[in-house]
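Take a look at the letters that make up each chain.
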Protein chains: 2
Amino acid sequence: MYFAWLHLDANYVILFLTYYFMNGVLLEMEVKNLLVGQSGGPSAAINASLAGVLAEGIASVRIGKVYGAVNGIVGVLRGDLVEMNDIADEKQFQLLKHTPAMALGSCRHKLPQLPEGLSEYQKIEAVFREYNIGYFFYIGGNDSMDTVDKLSRYFSSTDMDVRIIGVPKTIDNDLVETDHTPGFGSAARYLAVTVDEIIRDTSIYPTKSVTIMEIMGRDSGWLTLAAALPRILGGSKPDIVALPEVPFEENAFLERIRRLFDHTNNVIAVVSEGLRDKTGSYVGQGAKSGVTDIFGHQYLSGVGKYLETVVREQIGCKVRSIEVNLMQRCAAHLASQTDLDEAESAGREAVRRAVAGATDEMVVFHRISDQPYQIEITGKPVSQIANQVRTVPPQMRDMNDPVCRENAKRYLLPLIRGCAEQEKDENGMPRFYLLERHKS
Amino acid sequence: MYFAWLHLDANYVILFLTYYFMNGVLLEMEVKNLLVGQSGGPSAAINASLAGVLAEGIASVRIGKVYGAVNGIVGVLRGDLVEMNDIADEKQFQLLKHTPAMALGSCRHKLPQLPEGLSEYQKIEAVFREYNIGYFFYIGGNDSMDTVDKLSRYFSSTDMDVRIIGVPKTIDNDLVETDHTPGFGSAARYLAVTVDEIIRDTSIYPTKSVTIMEIMGRDSGWLTLAAALPRILGGSKPDIVALPEVPFEENAFLERIRRLFDHTNNVIAVVSEGLRDKTGSYVGQGAKSGVTDIFGHQYLSGVGKYLETVVREQIGCKVRSIEVNLMQRCAAHLASQTDLDEAESAGREAVRRAVAGATDEMVVFHRISDQPYQIEITGKPVSQIANQVRTVPPQMRDMNDPVCRENAKRYLLPLIRGCAEQEKDENGMPRFYLLERHKS
């Protein structure tokens, strides 16, 4: 009996030693779960970033389960999380990478200020505790980075170690501190090809006509610049390129059309939805709805329609306006391979940085060279990024100036390179990734 | 001297015999020149038909030079013809086949009635005589077939042997006597892929929204039916498909949206630009411009915008209208391989039929079977075709009926098969064919 007790005692000692040893390792290498959400407007590349985050999370020994938040931070608030380990399968990974818009759904929700909005943050904290979330990634644009910043600040005041990283996404390409944003290259490629086709389409009649294409971009003209690619790459059209960075003068616009008619029948103008006059008012504001979104942005539509009316009344020729609309942000069939690959890399790098200890950061692209095109992916404090807008610099604004066109070419061309190959079904239609719950 | 005269005389006899012999052969196989023009609105396949006509013309021993009429019949009236033997080069042929819109330019010109408009026909006759035109091909839609018919009748009253054949082209797919028209399959493919992407795009927010896509098609709903392909192929959307063949009832439309909101957040409606109410008036007519084109057709725009306003006022949810606009007719980057191949074949068959003696005909497609898909290309008297409209038959109109969806699937699916491969430049942008005079 005495002997047996001694024997047990020895076992307990081993058990205790093992416990303390393992505890040390666990302290060094604590396994927590990952949560990722998508927010803001769609793009053709936002799921590539999601795929990158998930795949890197699955591969990391520091990360346990990988969860997606359905409808972004709104889904977190509702506790609507889904496990996404299916992405470990290469086929599912590729499907997700090439699917446009948000596989997880999106939201447009602005977190409240503290301390008034404390209860909302506490709800999020409770969900994070329930799911043992140690890593949170938010893929989005300007407004989403505001969420990243606020959440990071909140969690730094708690005893929870949650690393929060923003992954940039916006076709508008208007985030500061990064050379460009995932999603932009694909939208740029769509616009370049589409405008090139519209140029053919509108050139067929021997009568004077004006075609006005209204391009997205509330506060920056990057997408409108991309719509000018057929000209930037050596063509003569589009004839007029109107960025929101340059105050719009209606009379100068009409005068330019009249002069262009001296040597062309078919004038093509690409104009930003965010055109403003020199007083800062949106062009054709009177014709707008006045409805604003949750962030206080005015819904824009109609600058093309407005200018169409002006040209018809003032010049009297055939005129048509084309709102390129949602197609420019979800056209996965024309996605840039460069864009999708970089979007995936941004997602992967976000995870690597978080695991290494980073938080309250946004992943950024730093361009090392144009030819050969090379970028470095790093991170910047998100507080320097949220709620700011990067506009087209003056040295790329005037498409009548060959130096500006050359600058724009060096900047844009690498971003649209390569046409991403989508998986097709037996009918030749693209296959898309669907969350399990959305499969019928 | 006398002997010498005899010798010469014998030579003359041989010369005379040779002349009579050759003349007989020439009567049997007279070589005349070919002229081809393009007319009406663009498509992604109209240059494939042009390439087919030219290549078959170049290959034919009965045809000498091949000319293109710049800007259709208007170019003929001006004597603006260009030689197009460059198409003998396979690279140029392929480039032309994959270039959207009209390489030769187009026109919308209606030939006058006889006898009042005689001088116009005489001008055309003079140009045909000057260029020794024996074969004239006109690639176009309904209005172009009117030109084919009138010209054929005119030349049958002259001593000239000119064979005139129409090659069908219209994305609207509304020509009678043919299973479908070249250009439709590519537009259908563009719409199917684009609507599928818009479905992803609009599904991301957990709030109620309506998206209305306005599709081309003045008098027939074929393109709107094609926009329903994601549903026809087994998906649940678009939720509402409104063809011009079915009188539109605003209240039923609104009621259907309200009912759809019971089980979906994001309603997608594809509606034809030519929607009419039960009195035959265009929906939202009050909001239209009232401008008409040369053929007396009312310029349509705005049914989408009109319904957007109605939904906003009556239902009050988020609503957006999208006019798919010119993109659906010039998107060569999504052209259907089947469509381009058939368009080329239609051009080639037109030449073969003309050489064999046919005139006053339009080339038509006769479908032999759906599975495997097989067509026969023949010709029909153009007088049976001009100025008529082929609408969507009742057995394909109701997209809520699975039998209609199955019928539409059997009809549409073969037409959109295969994605045509465009030649790309070093920047990944599509290369297009240009007439020599348009190269800068």
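Conventions used here
Residues numbered from 1 in each chain as written. Chains lettered and ligands numbered in written order. Predicted model: local features only at pLDDT ≥ 70, side-chain atom pairs only at ≥ 80, totals over all residues. Contact = placed C-beta atoms within 7 Å. Helix = DSSP H or I, 4+ residues; strand = E, 2+ residues; numbered from the N terminus. Nonpolar A, V, L, I, M, F, W, Y, C, P; charged D, E, K, R; others polar. Axes fitted to C-alpha atoms, helices over the stretch in contact; angles between N-to-C directions. Parallel < 35°, antiparallel > 145°, perpendicular 65-115°, else oblique. Pairing = 2+ DSSP bridges. Least-squares fit on C-alpha atoms with pLDDT ≥ 70 in both. Expected span 1.5 Å × (residues − 1). Buried ≥ 20, exposed ≤ 12 C-beta atoms within 10 Å, placed from the backbone. Arc of directions from axis to C-beta.

**Student:** Would you mind going over the interface of chain B and chain A in detail, with residue names and values included?
**Tutor:** Accessible area lost on assembly of the parts is the figure often given for the size of an interface. Every contact between the two is made by 46 residues of chain B and, on the other side, 45 residues of chain A. For the side of chain B that touches chain A, the elements supplying multiple residues, two or more each, are α7 (184-202), β9 (318-323) and α12 (327-330) of chain B. In terms of residues, the side of chain B that touches chain A owes the most to one element, α7 of chain B, which gives eight residues. The residue inventory of the side of chain B that touches chain A, partitioned by class, reads 26 nonpolar, 13 polar and seven charged.

**Student:** Summarise the packing of helix α2 (residues 46-59) of chain B against helix α4 (residues 90-97) of chain B; cite the residues concerned and give the values.
**Tutor:** To describe two helices that pack against each other, one gives the angle between their axes and the distance between the axes. Residue and element names in this part refer to chain B. Direction vectors running N to C along α2 and α4 enclose 150°, while the axes themselves pass 7 Å from each other. Between α2 and α4, the angle falls in the class roughly antiparallel. Residues Asn47, Ala48, Leu50, Ala51 and Ala55 of α2 form the contact with α4, whose own contacting residues are Phe93, Leu96 and Lys97. Across the contact of α2 with α4, the residue classes tally to six nonpolar, one polar and one charged.

**Student:** I'd like a description of the sheet that holds strand β11 (residues 373-381) of chain A, backed by residues and values.
**Tutor:** Residue and element names in this part refer to chain A. Pairing is mixed in the open sheet, where seven strands are placed in the order β3-β2-β1-β4-β5-β10-β11. Whereas interior strands pair on both sides, the edge strands pair on one side only; in this sheet they are β3 (81-83) and β11. Each neighbouring strand pair of the sheet contributes to a mean axis angle of 30°, computed without reference to strand direction. Relative to strand β2 (residues 63-69), strand β1 (residues 32-38) runs parallel, the two sharing four bridges.

**Student:** So what about the relation of the copies chain B and chain A? Which residues, and what values?
**Tutor:** Under the fitted operation, chain B is carried onto chain A by 0.0 Å of movement along the axis and a turn of 180°, and the coordinates agree to an RMSD of 0.0 Å. Both copies are brought into coincidence by an operation consistent with a two-fold rotation axis. Looking at the interface residues of chain B, 98% of them are also at the interface in chain A, so both copies use one shared face.

**Student:** Before we move on, can you summarise unusual backbone geometry with the specific residues and values?
**Tutor:** All names here are of chain A. A cis amide bond links Gln371 to the next residue, Pro372, at an omega of 0°. Examined against the element boundaries, Pro372 turns out to sit in the loop between β10 (361-370) and β11. In this model, Asn387 sits at a positive phi of 60°, which is unusual for a non-glycine residue. In this structure, Asn387 sits in the loop between β11 and α14 (402-412).

**Student:** I'd like a description of helix α5 (residues 118-130) of chain B, backed by residues and values.
**Tutor:** All names here are of chain B. The terminal C-alpha atoms of α5, which comprises 13 residues, lie 18 Å apart, in line with the 18 Å expected from a rise of 1.5 Å per residue. Those residues of α5 that fall on the buried side of the exposure criterion are Tyr121, Ile124, Val127 and Phe128. Around the axis of α5, the buried residues are gathered within 120° of arc, so they sit on the same side. The exposed residues of α5 that point more than 90 degrees off its buried face are Leu118, Ser119, Gln122, Ala126, Arg129 and Glu130. Among the structural elements, α3 (72-78), β4 (133-140) and α6 (142-156) are those in contact with the buried residues of α5. Directly after α5, the chain includes Asn132, whose backbone phi takes a positive value near 50°.

Everything listed is a geometric property; what it means functionally is a separate question.
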